[in-house]
Amino acid sequence: MSRYSVQANIEDVFDGDPLRPQVLARDASLVDILQRRSLLHPMKLAYKFLRYTPTGCSERDWTYQELDWQARSIGAALTHMGMFQKPVLLLFPSGLEYVAAFFGCLYAGAIAVPAYPPRRTRSTDRVQSILEDARPSVILTTSSIQATVCEWLTFATPEADIAVIAVDALEEVSADVWQKPPVSRDALAFLQYTSGSTATPKGVMVSHGNLLHNAALIRHYSQFDENNVCVSWLPIYHDMGLIAAILQPVYAGYSTVFMDPVQFLQFPMRWLYTISQHRGTISYAPNFAYEQCIRRAKPDDIASLDLSCWQIAVNGAEPIRTETIERFMETFAPCGFQPTTPRFAYGLAEATLVVTTPSQRTHPVMRAFDKSALEKNIVALADPQALHTQKLAGCGAPDLGQQVVIVHPEHRTRCAADEIGEIWIQGESVAMGYWQKPEVTEQIFHARLSESGEGPFLRTGDLGFIHEGHLYITGRIKDVIILNGRNHYPQDIELTMERSHPALHPGGCVAFAVEREGQEQLVVMAEITPRYRWQQNQLDGAATEIQAAIRRYIADAHDIRAHDVVLLQMGEILKTSSGKLQRRACRAKYLAGELNRWSA
């Protein structure tokens, strides 16, 4: 049977830890843990935020005691406003204030809703959708962007009565008056909105118990203690950046050095320089980040970096390319990067974060499988040197009571050991469901096996199998496009395209991803309306104008680049008899070069 479950006594994970009584108490939360850290190690560094400028790098530090004081101050203010178990929208640039605001929500028993702040240079569709779905009565931000947030709010929802509070200007409520809220493990801690949709994001309801169990899982896998240092550039409003790089260090008692994601994107090697300079021992990133460092590294970089301190380099959040990690190890071996440092991980927001990752410091597990068999959902090992093979990354096994079941998605029956199926998950890290979406919650979070009724399970929509104790991911049932560590729903991109130019019409656009040079890249296709085609047929540059408009709208709305914009004659985009887009068939037609492209 394709079911792999390892039971473990959660108490064993905390043997010898002074936090053990607080962690195991039924009413415990991260509030108890941070307060305990503040009492035991008040002057220990909790966070260091780096900001790079043309003239150098500035640093801001907070100890555990300072973080606790900031969280109590914000928590007391939110309690005074009656925000217990009510949504609070967080709109911050990356920085210490974001961290304090999140913990402040936990200290008030409020429901934190992390998001990115509105900016004039980017689309606000996603954050407006979050605002409309969560319906917060309070927004937390900083004084530096408070006016911008208020201006956006007036436009986004002019009739709503929402208070916009700058956390760095709070004075009226003292941290000394804070009182711990009556929060149980079953209480809602925050909403993690899915990153893939800018039009209709769904809020994953993560409880305090979910956070504690996933934190225990991550600690069990990493075996880290208070002497470690996490280095991160990941966005705090995404699950991996928030949970792995911000919350997990508090849980385990070590320090975090982090920067704004934009500063990594501008100069990817800053990530590795920061690890080298601050002696980072653990860091998380999607596959594209490792690829960027390989491409940007120069001989002078290799000569000046010391990565011997790096113990765990987690690769997750998007499809893992084994060839990327192999080239990364080869490129940075002269810098002291150890072959046992890479760690592949599988997870998703609906399971809080981590589902599986190896728990031993060994060489990363990469196995070659017959590619033609994989395309038929069959598992067959192959000679790594043979043709038509695909090397996949082993992502470890579930632990601490988590279960992973491989299931036929149509029949909801268990797959055989050599079959690929949908990954279903059961355990204490599985979130409570989607905010205000009971029907979708029932479908995704309460699935049961047809032959036994066993459940409930979380349906991930991901395809995979288990081989020799490792979970392998082979693809996705759903059409989610993953680029640069973020999920994008194709229907949102298609809607953006339709609005980009009058030559395009509803239902005439399609978006999908293709693999190029070891990375997924976005390809979009659009049919040109007959009337526009006739009117513009004699005008030079019409195709270039339309393609430029599509690229611009996609970049503005989704922060991604369209690798190829294909304009088509009417009828080229394949649809079902009911008019639904056949994205996979369109992708196959594109890869086969069978498109009738339009040009003017």
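Residues numbered from 1 in each chain as written. Predicted model: local features only at pLDDT ≥ 70, side-chain atom pairs only at ≥ 80, totals over all residues. Heavy atoms only, no water.

Caption draft 1: The packing of helix α16 (residues 490–498) against helix α18 (residues 542–558), seen in detail. Between α16 and α18, the shortest axis-to-axis distance is 9 Å and the interhelical angle comes to 130°. As judged from the angle between their axes, α16 and α18 are oblique. α18 is crossed by α16, and the crossing has right-handed handedness. Of the residues in α18, those touching α16 at Asp 492, Ile 493, Thr 496 and Met 497 are Ile 550, Tyr 553, Ile 554, Ala 557 and His 558. Each residue belonging to the contact of α16 with α18 can be placed in one class, and the counts come to 6 nonpolar, 2 polar and 1 charged. (Axes fitted to C-alpha atoms, helices over the stretch in contact; angles between N-to-C directions. Helix = DSSP H or I, 4+ residues; strand = E, 2+ residues; numbered from the N terminus. Parallel < 35°, antiparallel > 145°, perpendicular 65-115°, else oblique. Left-handed = near helix turned anticlockwise from the far one by under 90°. Contact = heavy atoms within 4.5 Å. Nonpolar A, V, L, I, M, F, W, Y, C, P; charged D, E, K, R; others polar.)

Caption draft 2: Inspection of the pairing of strand β19 (residues 403–408) at higher detail. Counting buried positions over the 6 residues of β19 gives 5, a clear majority of the element. Across 5 bridges, β19 lies against strand β21 (residues 421–426) in antiparallel orientation. Pairing of Val 405 across the sheet is with Trp 424, part of β21. Relative to strand β20 (residues 413–414), β19 is paired through 2 bridges, and the arrangement is antiparallel. Across the sheet, the residue bridging to His 408 is Thr 413, located in β20. (Buried < 20%, exposed > 50% of the residue type's maximum accessible area, 1.4 Å probe, protein only. Pairing = 2+ DSSP bridges.)

Caption draft 3: Layout of α18. For α18, with 17 residues, the first-to-last C-alpha span of 24 Å sits near the 24 Å given by 1.5 Å per residue. Taken together, the buried positions of α18 are Ala 542, Ala 543, Ile 546, Ala 549, Ile 550, Ile 554, Ala 557 and His 558. Seen along its axis, α18 keeps its buried residues to an arc of 130°; they face one direction. The positive-phi residue at the C-terminal boundary of α18 is Asp 559, with phi of around 60°. (Expected span 1.5 Å × (residues − 1). Arc of directions from axis to C-beta.)

Caption draft 4: Region of interest: the packing of helix α10 (residues 269–278) against helix α11 (residues 287–296). Contact geometry for α10 and α11: axes closest at 8 Å, N-to-C directions at 95°. It follows that α10 is roughly perpendicular to α11 by the angle criterion. Contacts between α10 and α11 involve Met 269, Trp 271 and Leu 272 from the first element and Ala 289, Tyr 290, Cys 293 and Arg 296 from the second.

Caption draft 5: Representation of the pattern of salt bridges in the model. Counted under the stated rule, the structure contains 19 salt bridges. Arg 279 serves as the salt-bridge partner of Asp 306, at 3.3 Å between the closest nitrogen and oxygen. In this pair, Asp 306 is assigned in the loop between α12 (299–304) and β13 (312–315) and Arg 279 in the loop between α10 and β12 (282–285), connecting sequence segments 27 residues apart. The exposure class assigned to Arg 279 is partly exposed, which follows from its relative accessible area of 33%. With its nearest N and O atoms 3.5 Å apart, the salt bridge here joins Arg 597 to Asp 564. On the criterion of sequence distance, the pair formed by Arg 597 in the segment after α19 (583–591) and Asp 564 in strand β28 (residues 562–568) is long-range, its members being 33 residues apart. On the basis of relative accessible area, Arg 597 is assigned to the partly exposed category, the value being 45%. Each of Lys 48, Glu 59 and Asp 61 takes part in salt bridges that share partners, so that together they form one network. (Salt bridge = Lys/Arg side-chain N within 4 Å of Asp/Glu carboxyl O.)

Caption draft 6: View of the nonpolar core. Of all hydrophobic cores here, the largest spans 150 residues; its most connected members are Leu 140, Trp 271, Leu 272 and Phe 332. By residue number, the principal contributor to this core is helix α4 (residues 96–108), which donates 11 residues. With near-sequence residues (within four places) excluded, Leu 272 lies in contact with Cys 293, Leu 305, Leu 307, Trp 310, Phe 328 and Phe 332. (Core = buried A, V, L, I, M, F, W, Y, C linked by side-chain atoms within 4.5 Å.)

Caption draft 7: A look at the pairing of strand β7 (residues 163–166). Only one face of β7 is buried: it carries Val 164 and Ala 166, and the other face, with Ala 163 and Ile 165, is open. Across 4 bridges, strand β6 (residues 138–141) lies against β7 in parallel orientation. By the bridge assignment for β7, Thr 141 is matched with Ala 166. In this region the chain leaves β6, passes through helix α6 (residues 146–156) and returns to the parallel neighbour β7; the handedness of that crossover is right-handed. (Right-handed = clockwise from strand over helix to strand, strands pointing away.)

Caption draft 8: Representation of the sheet that holds strand β11 (residues 255–259). If you walk across this open sheet you meet the 7 strands as β3-β2-β11-β10-β12-β13-β14, and the pairing is mixed. Each having just a single partner strand, β3 (56–63) and β14 (342–344) make up the two edges of the open sheet. Averaged over all neighbouring strand pairs, the angle between strand axes comes to 20°, with direction disregarded. Against the sheet, α4 touches β2 (45–53), β3 and β11, its axis set at about 25° to β3.

Caption draft 9: Unusual backbone geometry, seen in detail. Here the amide bond leading from Gly 455 into Pro 456 is cis, since omega sits at 0°, within 30 degrees of zero. Residue position: Pro 456 is located in the loop between α15 (438–445) and β22 (458–467).

Caption draft 10: Up close: the environment of Gly 336. Among the secondary structure elements, Gly 336 is positioned in the loop between α13 (322–332) and β14. Residues Gly 336 and Ile 302 lie 34 residues apart in sequence; the distance between their C-alpha atoms is 9.8 Å.

Caption draft 11: Quick look at the packing of aromatic side chains. Enumeration according to the criterion identifies 26 aromatic pairs in this entry. For the ring pair Tyr 47 and Phe 258, a centre distance of 6.2 Å and an interplane angle of 80° mean the geometry is edge-to-face. Of this pair, Tyr 47 sits in strand β2 while Phe 258 sits in strand β11; the two residues are 211 residues apart in sequence, bridging distant segments of the chain. Assigned by exposure class, Tyr 47 and Phe 258 land together as buried. Three or more aromatic residues joined by ring pairs make a cluster, and in this case those are Trp 233, Phe 264, Trp 271, Phe 288, Tyr 290, Trp 310, Phe 328, Phe 332 and Phe 337. The positively charged end of Lys 202 is found above the aromatic ring belonging to Tyr 434, 5.2 Å away from the centroid. (Phe/Tyr/Trp six-rings, centres within 6.5 Å; stacked < 30°, edge-to-face > 60°. Lys NZ or Arg CZ within 6 Å of the ring centre and 35° of its normal.)

Caption draft 12: Geometry of the side chain of Asp 239. Following the sequence through the fold, Asp 239 ends up in helix α8 (residues 239–252). Taking relative accessible area as the criterion, Asp 239 reaches 18% and is therefore assigned buried. Among all residues touching Asp 239, those that are not within four sequence positions of it are Gln 192, Ala 244, Leu 348, Ala 349, Thr 352 and Leu 353.

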